[in-house]
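The chain contents come next:
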Amino acid sequence: MNRADCCLRGAACVLVLSTSAAAQADRYAPTVLQIAPTPRAATLASTTAARDIEAIFGNPAMVGVAVGTVAGMGRFDHATHLTLASSASLGPFNVGIGAQYLDAFTQGFELPYSSYALQDGGDRQASSAVGAFALAMTFRGNRVGAAVKYVEQRVDALRDGAPSLDLGIARDVSRYTLGVAVQNIGAGIHLSPNSSAQLPLRVAAGVTSYGWTVGPFDVNGSAGASVLPDGIVLPAFGLELGYAPLEGYSFAVRAGIKRPELRAQQPLSFGGSAALDRFALEYAYEEWINGGTHRVALRVR
Amino acid sequence: MRRILILLPALAACVAPLKLAKDDSPVVLSKHLITAPDPAVRGAFPVRTLYYGSGTDKNRVVFKDSVAIKTGTVDGSKLADVPGQAGKDRTKYWGFGFNKMPVNGRVWYPQGTGPFPLVLVVHGNHNMKDFSDPGYAYLGQLLASRGFILASVDENFLNGGISRENDARGWMLLQHLKQWRRFNDSTGSPLQGKVDMNRIALMGHSRGGEAVAVAGAFNRLKHYPDDATITFDFGFNIRSLVAIAPVDGQYRPSDKPTPLNNINYLLIHGSHDGDVSTFSGLTQYERIKFTDGGDWFKSVFFVYRANHGQWNSVWGNKDSGPRSGRVLDLRGLLSPEEQRRFAEVTITAFLEATLNSKREYLPLFRDHRVAGGWLPKTMYTTRFEESTFKAAADFEDDVDVTTGSVPGIRLGGDSLATWKEAMVPFRSRNSTQFHNAAWIGWNNRIAGDDTTKMGRPAAYEIALGDSLRSAWRVDASSALVFSLAATDAKPGPRQPARDTTKKDSTAKKAAPARRPPPPRRPSGPDTTVFDLSVEIVDAAGTSARVPLSAYGPVRRPVESYIYRRSGRDKLRFGSLSEMVLQTYVIPFNDWRRIAPTLDLDRVVKVRLVFDRTPAGSLVLDNIGFSRISRDFLIATGSDQ
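Residues numbered from 1 in each chain as written. Chains lettered and ligands numbered in written order. Predicted model: local features only at pLDDT ≥ 70, side-chain atom pairs only at ≥ 80, totals over all residues. Heavy atoms only, no water.

Novice: Residues and numbers for the packing of helix α5 (residues 166-185) of chain B against helix α6 (residues 207-218) of chain B, please.
Specialist: All names here are of chain B. The contact between α5 and α6 brings their axes to 7 Å, and the two run at 60 degrees. Crossing of α5 against α6: the hand is right-handed. Residue-level contacts link Asn166, Asp167, Arg169, Gly170, Trp171, Leu173 and Leu174 of α5 to Arg207, Glu210, Ala211, Val212, Val214, Ala215 and Phe218 of α6. For the contact of α5 with α6, the residue count by class is 8 nonpolar, 2 polar and 4 charged. (Axes fitted to C-alpha atoms, helices over the stretch in contact; angles between N-to-C directions. Helix = DSSP H or I, 4+ residues; strand = E, 2+ residues; numbered from the N terminus. Left-handed = near helix turned anticlockwise from the far one by under 90°. Contact = heavy atoms within 4.5 Å. Nonpolar A, V, L, I, M, F, W, Y, C, P; charged D, E, K, R; others polar.)

The structure is reproduced here in structure tokens:
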């Protein structure tokens, strides 16, 4: 079986699995922890080993590998998603801070609410938010990191918040980065005695490549899988094709395929970016069952 | 589509247009006066090749199955180290650590009985898996055909992500020489008796260029300077070194710059070097001293449009890695063939002159204009010094601008706008060449409404005392030697002299003297011809002048743009041009042709008279006298 066959069969598996996932009800809350923080994360599908500024939301061990700030926005038909993340080096440590906010509607007080509401709307105002602080360092050739987060969910006048913890480890092997992370360790959200949900606790493993070139292009990819408490495995693959015609200028197109975590999500996403020196403008289109979402971000390295 | 059409011109605007300085080679290289045969033409010897080495190399078949002579390993672990995982990864890739470095080489040698002079060449730092040692085959084929043995030394295992290892690179060269002594002495060796161990040259590129200087220094030491428990027993008769685009100061023995004395030295470097973009080798050139009365010389060629990698056919034009085209402007480079042709000419001529005593090649190193038929058509700046040179003023000793380097020398200025001694900078920001020079500026125009009114030409002079002239034997067979480079600065007009014959008795207080206008940079490039006269005066007051331009090219600063992106060079460098001083050698007898009554045995003064360019400035260094051999002067520029 050649490499192309492998890729096609893998993609087919994801599509088949995604159908069964869509049939499941949403199980975890808040929703903001289950959508990609930025366009780049959305299209690379797996961020467990990604060298991104927003690694604080993927694998805290990778915080500080890319230093800078990213601000992103996602527009659903009836919801808005905002992201801000920043990372820096501080002596032997890398530190990161980040926040995400999702403003949406629901069709009741029940948690977790249906992710269809992001596109279809509802009769109650809802929002979820997460703030995070991460610390990472290198220890015996491995990157290790932890992020403490505070997550909050509101539906109308009801609200609850909970602390949570992410732990991660990563290592470079040749031109690959391997990463493992445990995300969202913490108590659930309890809006009322009848409305509560677990955080989306995940064990995720992934690999990203860097430094590969094909002709004039830079080619990088990511692959990974995460496991939820109910045993559902969510595989994800992403591919990035970059081209830098001149020092400081670069363009990239990306495409990702994944088994969705939310029932209203679809497997495919694609996007691109244009960078000038330290600034990059990113875009992604994510398929959702009732329409697509547009994501944009500005990244300053 | 419209947006794309807008974006493309915007991107194109960020790519700098190709900017090359006006090429003066049609004039400068218009003549060919040297009578020696072309050194880049293959000789009569059939060329043979062989490999020597460990015979166990796991990455290269030529050092495994093809070795004709097996060699042992050497322990360089005290000279090179890569800690941590990176070191383990290297050991895994190579199959050995720095404690078992192989002595591998690929050899081109002439078929014949010999003995032949031996030349080792070593590459510099590069991707360790993209093996660098085959990239000098073009020199191997040429030199072997002309009766030299060339061995390209394998130091790929010292390449990659490694630093502070240039002592190991130099030390390895000496370990190779030990093996060569064995090859020459061993019965049954294919090289038995073919090697003349009294005629040895070392040649290195990039980090290898520094390594040859380190090897030259280590060769005469009994102990490793940074750990005296390591003893040396080399003492080879290394007569010549060639440094190609070298670095300098990556290794500092005992935390000092590498000292080097009494050796022939050739240094070549490109103006468009995208890796070692500063002409670092100039600092090593300055440090080489001739102290033993031997017959040595050192020479520099700064080659316009040459890059870093094309001296090695493996490296090519990727000075900044595989994606160099994104970063570097490759459009203006000399072709690989032209660049290597230059290397063939100068390196072969240098080795012929210094190892084979073919002195007919020596004029090339004093004044490259004599070889217009050999050199690729581009611009060269050359430095030169031979062992009879005595410095009257090198501006290193004190802060008195009127004293020279030895008692008996007085320096003076007449009507100068600028006169100071200061460090010579490199083009890289905040870096210097670690030596001082005199900075001189003039403007002969008198300030005022009449823009044609000129004053007496400004001059800078060096007065020579009688006793020093006798001690140095400065006479008719001497030559004046100095190096200078024009700068961009142009001082403002000269203030008119005050008329001291008129006294204003009513004035209560003399008006304060007006400061001369500060030097200014013209808004556009100054295209006026830059030249000056060099005058000598004898004890009777007889004088004669020659134009400087008869003794070498005189150029305004030549800018080089290395990067592709507009504005990147200005951001990276403090100056767009590297300040490389051109050396001029003027035999005293040339002045006698102009003034036959001049007493060349009693020269008392040398003057640089700024009468050929109304305003300008220059940097002047290493003024002195030499009793240069006539061999260097054959086909002199003044004979043209």
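There is more to say, and it comes next.
Novice: Could you give an account of a negative patch on the surface, naming the residues involved and the relevant values?
Specialist: Residues and elements named next belong to chain B. Together, Glu396, Asp397, Asp398 and Asp400 make up a region of like negative charge exposed at the surface. Its location among the elements puts Asp400 in the loop between β17 (390-393) and β18 (409-414). On the accessibility criterion, Asp400 (33% relative accessible area) is partly exposed. (Patch = residues over 30% accessible without salt bridge, like charges linked within 9 Å, V, L, I, M, F, W, Y side chains within 5 Å. Areas by Shrake-Rupley, 256 points an atom, 1.4 Å probe, with all protein chains shown as cover. Salt bridge = Lys/Arg side-chain N within 4 Å of Asp/Glu carboxyl O. Lys, Arg positive; Asp, Glu negative; His and termini not counted. Charge placed at Lys NZ, Arg CZ, Asp CG, Glu CD. Buried < 20%, exposed > 50% of the residue type's maximum accessible area, 1.4 Å probe, protein only.)

Novice: Report on the environment of Ser431 of chain B, specifying residues and quantitative values.
Specialist: Residues and elements named next belong to chain B. Its place among the elements puts Ser431 in the loop between β19 (418-425) and β20 (432-443). On a C-alpha basis, the gap between Ser431 and Leu191 in space is 46 Å, while along the polypeptide they are 240 residues apart. Polar side-chain contacts of Ser431 include one of 3.0 Å to the backbone oxygen of Ser428. (Polar contact = N/O pair within 3.5 Å; in protein donor to acceptor, adjacent residues only side chain to side chain.)

Novice: Please set out empty space enclosed by the protein residue by residue, giving values where relevant.
Specialist: Using the criterion set out here, one finds 4 cavities of 30 Å³ or more in the structure. Lining the largest cavity are 31 residues, and of these Ala45, Thr47, Gln183, Arg202 and Glu261 of chain A sit closest to its centre. The set of elements that each furnish at least two residues to the lining of the largest cavity consists of β7 (176-185), β10 (202-209), β12 (217-227) and β13 (233-246) of chain A. The residue makeup of the lining of the largest cavity, split by class, is 14 nonpolar, 11 polar and 6 charged. Computed from the structure, the second largest cavity encloses a volume of approximately 50 Å³. His272, Gly274, Asn307, Asn317, Asp319, Leu328, Asp329, Leu330, Leu333, Tyr561 and Ile562 of chain B are the residues that line the second largest cavity. Partitioned by chemical class, the residues of the lining of the second largest cavity number 5 nonpolar, 4 polar and 2 charged. (1 Å grid on protein atoms, 1.4 Å probe; cavity = no way out; pocket = protein on both sides within 12 Å on 5 of 7 lines; lining within 4 Å. Points joined across faces, edges and corners; volume = space filled by probe spheres on them.)

Novice: Requested: an account of the sheet that holds strand β1 (residues 47-53) of chain B, with residues and values cited.
Specialist: Residues and elements named next belong to chain B. Overall, mixed pairing links the 10 strands, which are arranged β2-β1-β5-β7-β6-β8-β11-β13-β15-β16 in an open sheet. Unpaired on one side and paired on the other, β2 (67-70) and β16 (380-386) mark the two borders of the sheet. Between one strand axis and the next, the sheet turns through 20 degrees on average, direction left out of account. With 5 bridges joining them, strand β6 (residues 116-122) and strand β7 (residues 149-153) adopt parallel strand pairing. Bridge assignment links Val119 to a residue of β7, and that residue is Leu150. The sheet strands contacting helix α4 (residues 137-145) are β1, β5 (105-110), β7 and β8 (195-205), and the helix crosses β5 at an angle near 30 degrees. Packed on one face of the sheet, α6 meets β6, β8 and β11 (238-244) and runs near 140 degrees to β8. (Pairing = 2+ DSSP bridges.)

Novice: Just give me the short version of a nonpolar patch on the surface, but keep the residues and values in it.
Specialist: Residues and elements named next belong to chain A. On the surface, a nonpolar cluster with roughly 540 Å² of combined accessible area is contributed by Leu90, Phe93, Ile97, Phe133, Leu135 and Val148. The set of elements that each furnish at least two residues to the nonpolar patch consists of β3 (93-106) and β4 (124-139). Given a relative accessible area of 32%, Phe93 falls into the partly exposed group.

Novice: Can you lay out the interface of chain A and chain B for me, pointing to particular residues and giving the numbers?
Specialist: You'll often see interface size given as the accessible area lost when the parts meet. In this assembly, 16 residues from chain A lie in contact with 11 residues from chain B. Counting the surface lost from both chain A and chain B, the interface buries some 1200 Å², and carbon and sulfur atoms represent 49% of this. For the chain A face of the interface with chain B, the top three residues by lost area are Leu246, Glu247 and Tyr249 of chain A, together amounting to 54%. Applying the counting criterion to the chain A and chain B interface returns 4 salt bridges. Between Arg568 of chain B and Glu247 of chain A there is a salt bridge, with the nearest N and O atoms lying 2.6 Å from each other. Summed over the shared surface of chain A and chain B, the result is 10 residue pairs in polar contact (both at pLDDT 80 or more). Top element by residues in the side of chain A that touches chain B is β13 of chain A. It accounts for 3 residues. (Buried area = accessible area lost by both parts, 1.4 Å probe.)

Novice: Give me the nonpolar core: which residues, what numbers.
Specialist: Residues and elements named next belong to chain B. If you look at the biggest cluster of nonpolar residues, it comprises 68 residues, and the most contacted ones within it are Trp180 and Leu202. Sequence-distant contacts of Trp180, defined by excluding residues within four places in its chain, comprise Tyr52, Val107, Leu118, Leu120, Ile149, Ala151, Leu191, Val195 and Met197. In this structure, Val242, Tyr361, Trp374 and Phe384 belong to the second largest nonpolar core, which totals 54 residues. (Core = buried A, V, L, I, M, F, W, Y, C linked by side-chain atoms within 4.5 Å.)

By themselves, these are just geometric observations and shouldn't be taken as functional.
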